Amino acid sequence: MQNPAAPRRQSASPQKFGNMEVARPPQTAGKFVVVGGGIAGLAIHFPSEEILLVTASPVIKAVTNFKQISKVLEEFDVEEQPSTMLENRFPNIKVIECGVKQLKSEEHCILTEDGSQYVYKKLCLCAGAKPKLICEGNPYVLGIRDTDSAQEFQKQLMNAKRIMIIGNGGIALELAYEVEGCEVIWAIKDKAIGNTFFDAGAAEFLTSKLIAEKPEAKIAHKRTRYTTEGKKKEAGTKINAGNVGSALGPDWHEGLNLKGTREFSHKIHIETMCEVKNIYLQKDFRISKKKSLTFPRDDQNELVTTDKEIWPVYVELTNEKIYGCDFIVSATGVTPNIEPFLCGNNFDLGEDGGLRVDDHMHTSLPDIYAAGDICTASWQPSPFWQQMRLWTQARQMGWYAAKCMTAASLGESIDMDFSFELFAHVTKFFNYKVVLLGKYNAQSLGSDHELMLRCTKGQEYIKVVMQNGRMMGAVLIGETNLEETFENLILNQMNLSSYGEDLLDPNIDIEDYFD
Ligand SMILES: Cc1cc2nc3c(=O)[nH]c(=O)nc-3n(C[C@H](O)[C@H](O)[C@H](O)COP(=O)(O)OP(=O)(O)OC[C@H]3O[C@@H](n4cnc5c(N)ncnc54)[C@H](O)[C@@H]3O)c2cc1C
Ligand SMILES: NC(=O)c1ccc[n+]([C@@H]2O[C@H](COP(=O)([O-])OP(=O)(O)OC[C@H]3O[C@@H](n4cnc5c(N)ncnc54)[C@H](O)[C@@H]3O)[C@@H](O)[C@H]2O)c1
């Protein structure tokens, strides 16, 4: 049976009239059009509706081994697959492998880079985000986002003796632990590592792992890559250089050999409370007559000497120190991919540059929804939820957006999905399981809160955030088995004042206590 969602594709290039190129007339697509084949776009399922998925990357992301760990915590692996696999599994989905270059919201249509136009009834934008680099266009400054940029990083690392990592979030934390055989200078704005996830206490717990030699055996990698090598691209479907592929996710580095040219395991030096002031290419640095420093040794403390080695690039920090290196990784956050959709469309934007969405994932323009990294959640959130640009949230948003779009087209109303009640993230840093719940860093609680801690060096770190005797958030590092109990305690807001310190007493089986 012919797929009803399939728009008839004519020639790949725009029609020609004399010397003039004219975009092909609009093709009426299915009811719903989704832009982006990342985790948010792929979570959009309408079992009985026709969907047109337009995506710039040749592969799509599929969630496998999905596990609901507790009410809100989810764990899953992600595989890259060819888009044909998606079409085979879901005959109501038609995939167009091409970047969207323009949105005409008044006409309800999108234009792709091959000159085609598709009309939508409802549209969901899931075009993700791209790395926010400290110095755009500098060939020695790399960002990591998708499979290709991760492989480029690996390629450059293979020939590197020293790299600099700038930033203090997820990517920097992972790289600082994973990179071997290469000196790493890690410059952070904060006093302690991992500021987007941890406070100084948790950072200290983890730092001991960072400076130790890495004894852990590597776990087998779960990601599989669909390779496009040798696959001839159709004319006109070339991906615009500005378009990135889908973002990597959990275990992204497991298939990569993150090793430099040296024989040692870890060698890392952290420069705290500083930012990048200047980046010099080798020639400019020579002209500047400035001096760079050698890699600081543990026993030298601040006594570093002038570096005799010549490096391709030099980084001057705001603490006046200068280090040479082979290249710089800018792990400094992301910027939502909104450019192709802005021209002529008056979207409300969030402070972080995302498309503002309401509690039904609806943007400020009629019939246009957004989900995942591209959007800025602009509803009044639950007291225990905040947006972070993560796999889990992208998946939940995509899934919920689909429900909202269906309900809107049927004229029905729908309640906010339960997954937005509580922020819950499970990940792994420095080979420890890390669970973050609710206001895990006392975000927006001001000074009116207290912390309870339990820490066993090398084994576990538990922090709970309490306010008026109620649990507001928690950080659980290690195999604590407390996530489900704490999730319930945050959600039910039970008054825990009478338990006092017993709450974290290791001799009390807290799970049974609150069953
Ligand atoms: C290195 C790395 C490690 C990470 N690790 C974790 C982790 O361990 N845990 C976690 O929870 N999160 C992690 N994240 C974050 C997570 O990957 C993202 O939050 C999530 O993938 C966002 O999904 P998305 O669908 O919104 O965007 P993306 O995955 O970026 O997908 C966007 C899609 O839109 C397409 N697109 C872009 N522009 C256009 C256009 N103009 N036209 C058509 N298509 C377009 C792209 O090709 C892509 O298919 C990590 C991110 C990175 C970079
Ligand atoms: N395990 C995980 O959960 C995981 C791992 C990797 C990445 N991610 C996600 O992937 C995305 C990208 O990761 P990321 O690490 O680039 O972003 P991030 O948002 O996690 O961290 C960005 C970091 O860069 C710092 N920063 C910003 N501008 C800076 C500047 N000019 N100079 C110095 N530091 C600056 C910030 O203070 C912050 O520490 C994020 O959404 C992140 O949540 C998650």
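The shown structure was predicted, so the numbers you read here are calculated from the model rather than taken from an experiment.

A.B. asks: For this particular structure, what's the right way to read helix H9 (residues 483–492)?
C.D. replies: Because an α-helix packs 3.6 residues into every turn, residues spaced three or four apart end up facing the same way. Regarding H9, the residues found buried are Glu-483, Thr-485, Phe-486, Glu-487, Leu-489 and Ile-490. Contact partners of the buried residues in H9: strand E27 (432–438), strand E29 (460–467), strand E30 (470–477) and helix H10 (510–513). One or two positions beyond H9, positive phi appears at Gln-493, with a value near 50°.

A.B. asks: For this particular structure, what's the right way to read the site of ligand 1?
C.D. replies: Around ligand 1, the surrounding shell holds 39 residues, and the nearest of these are Val-100, Arg-145, Ser-246, Leu-248 and Asp-373. One of the backbone nitrogen or oxygen atoms of Ala-56 is found 3.0 Å away from a nitrogen atom of ligand 1. The protein chains hide 95% of the 1,000 Å² of surface that ligand 1 would expose on its own. At three residues, helix H8 (residues 391–410) tops the list of elements feeding residues into the shell around ligand 1. Its residues assigned to classes, the shell around ligand 1 comprises 20 nonpolar, 16 polar and three charged.

A.B. asks: Before we go on, may I ask you to explain the packing of aromatic side chains in this structure?
C.D. replies: Remark: the centre distance and the inter-plane angle together describe each pair of aromatic rings, the angle taken between the planes. Within the structure shown, the criterion is met by 14 aromatic pairs. Ring centres of Phe-205 and Tyr-432 lie 5.1 Å apart, and the angle between their planes is 45°; on these two criteria the pair is classed as tilted. With Phe-205 in helix H5 (residues 200–211) and Tyr-432 in strand E27, this residue pair connects regions lying 227 residues apart in the sequence. Owing to a relative accessible area of 8%, Tyr-432 belongs among the buried residues under this scheme.

A.B. asks: Even after reading the chapter, I still don't get the pattern of salt bridges, so can you show me in this structure?
C.D. replies: Two side chains bearing opposite charge may form a pair once their charged atoms approach each other closely. Throughout the structure, instances matching the rule amount to 20 salt bridges. Across the pair Glu-87 and Lys-94 runs a salt bridge whose closest N-O atoms are separated by 3.8 Å. The class for Glu-87 is partly exposed, based on a relative accessible area of 22%. Taken together, the shared-partner salt bridges in this structure form one network comprising Arg-162, Glu-183, Arg-262, Lys-267 and Asp-307.

A.B. asks: What exactly am I supposed to notice about unusual backbone geometry here?
C.D. replies: In the Ramachandran plot, Met-361 falls in the positive-phi region, its phi being about 60° despite a non-glycine side chain. The residue Met-361 is located in the loop between strand E23 (355–357) and strand E24 (368–370) in this model. The phi dihedral of Asn-468 is positive, around 50°, even though this residue is not glycine. Along the polypeptide, Asn-468 turns up in the loop between E29 and E30. For Asn-468, a relative accessible area of 58% corresponds to the exposed category.

A.B. asks: When you look at the sheet that holds strand E19 (residues 313–317) in this model, what are you seeing that I'm missing?
C.D. replies: Two orientations exist for strands paired in a sheet by backbone hydrogen bonds: parallel and antiparallel. With respect to topology, three strands assemble into an open sheet ordered E18-E19-E20, the strand pairing being antiparallel. Strands with a single pairing partner mark the edges of an open sheet, and in this sheet they are strand E18 (276–281) and strand E20 (322–325). Going from strand to strand, the sheet's axes swing by 20° on average, the running direction of each strand aside. Bridge count for E19 against E20 is four bridges, and the pairing is antiparallel. Looking at the pairing, Glu-316 lines up with Ile-322 of E20.

A.B. asks: In this structure, what is going on with the sheet that holds strand E28 (residues 450–456)? I would like to understand it.
C.D. replies: Spatial strand order, E26-E27-E30-E29-E28: five strands in an open sheet with antiparallel pairing. Edge positions in the open sheet fall to strand E26 (424–429) and E28, since each of these has one partner strand only. Here the strands of the sheet are splayed against their neighbours by 15° on average, with no regard to which way each runs. Strands E27, E29 and E30 of the sheet are contacted by H9, whose axis makes an angle of about 160° with E30.

A.B. asks: Which parts of the structure should I look at to understand the UniProt feature "domain: FAD/NAD(P)-binding" (unreviewed entry) in the protein chain?
C.D. replies: UniProt's entry tags residues 31–245 and 309–398 with the feature "domain: FAD/NAD(P)-binding" (unreviewed entry), counted in the numbering of this structure. End-to-end, the C-alpha atoms of residues 309–398 are 50 Å apart, and along that stretch the chain is 13% helix and 28% strand.

A.B. asks: For this particular structure, what's the right way to read the nonpolar core?
C.D. replies: Nonpolar side chains tend to gather and get buried jointly when the protein is soluble and globular. Core analysis: the biggest nonpolar cluster contains 103 residues, and Leu-125, Phe-153, Ile-163, Trp-186, Phe-198, Met-361 and Ile-477 have the highest contact counts within it. Of all the elements, H8 adds the most residues to this core, at nine residues. The next biggest cluster of nonpolar side chains, apart from the first, holds 27 residues, and it includes Leu-73, Ala-424, Val-464 and Ile-490.

A.B. asks: Sorry, what's going on with the site of ligand 2 here?
C.D. replies: Not every one of the 21 residues close to ligand 2 is listed here, only the nearest: Asn-195, Gly-333, Arg-389, His-425 and Thr-427. Glu-174 places a polar side-chain atom, nitrogen or oxygen, 3.4 Å from a nitrogen atom of ligand 2. In this structure, an oxygen atom belonging to ligand 2 sits 2.7 Å away from a side-chain N or O atom of His-425. Protein chains bury 79% of the 830 Å² of accessible surface belonging to ligand 2 in isolation. Every element with two or more residues in the shell around ligand 2 is listed here: helix H4 (170–178) and E26.

Definitions and cut-offs
Residues numbered from 1 in each chain as written. Chains lettered and ligands numbered in written order. Predicted model: local features only at pLDDT ≥ 70, side-chain atom pairs only at ≥ 80, totals over all residues. Heavy atoms only, no water. Buried < 20%, exposed > 50% of the residue type's maximum accessible area, 1.4 Å probe, protein only. Helix = DSSP H or I, 4+ residues; strand = E, 2+ residues; numbered from the N terminus. Contact = heavy atoms within 4.5 Å. Near = heavy atom within 4 Å. Polar contact = N/O pair within 3.5 Å; in protein donor to acceptor, adjacent residues only side chain to side chain. Areas by Shrake-Rupley, 256 points an atom, 1.4 Å probe, with all protein chains shown as cover. Nonpolar A, V, L, I, M, F, W, Y, C, P; charged D, E, K, R; others polar. Phe/Tyr/Trp six-rings, centres within 6.5 Å; stacked < 30°, edge-to-face > 60°. Salt bridge = Lys/Arg side-chain N within 4 Å of Asp/Glu carboxyl O. Pairing = 2+ DSSP bridges. Axes fitted to C-alpha atoms, helices over the stretch in contact; angles between N-to-C directions. UniProt positions renumbered as here; feature names shortened; annotations may be inferred. Core = buried A, V, L, I, M, F, W, Y, C linked by side-chain atoms within 4.5 Å.

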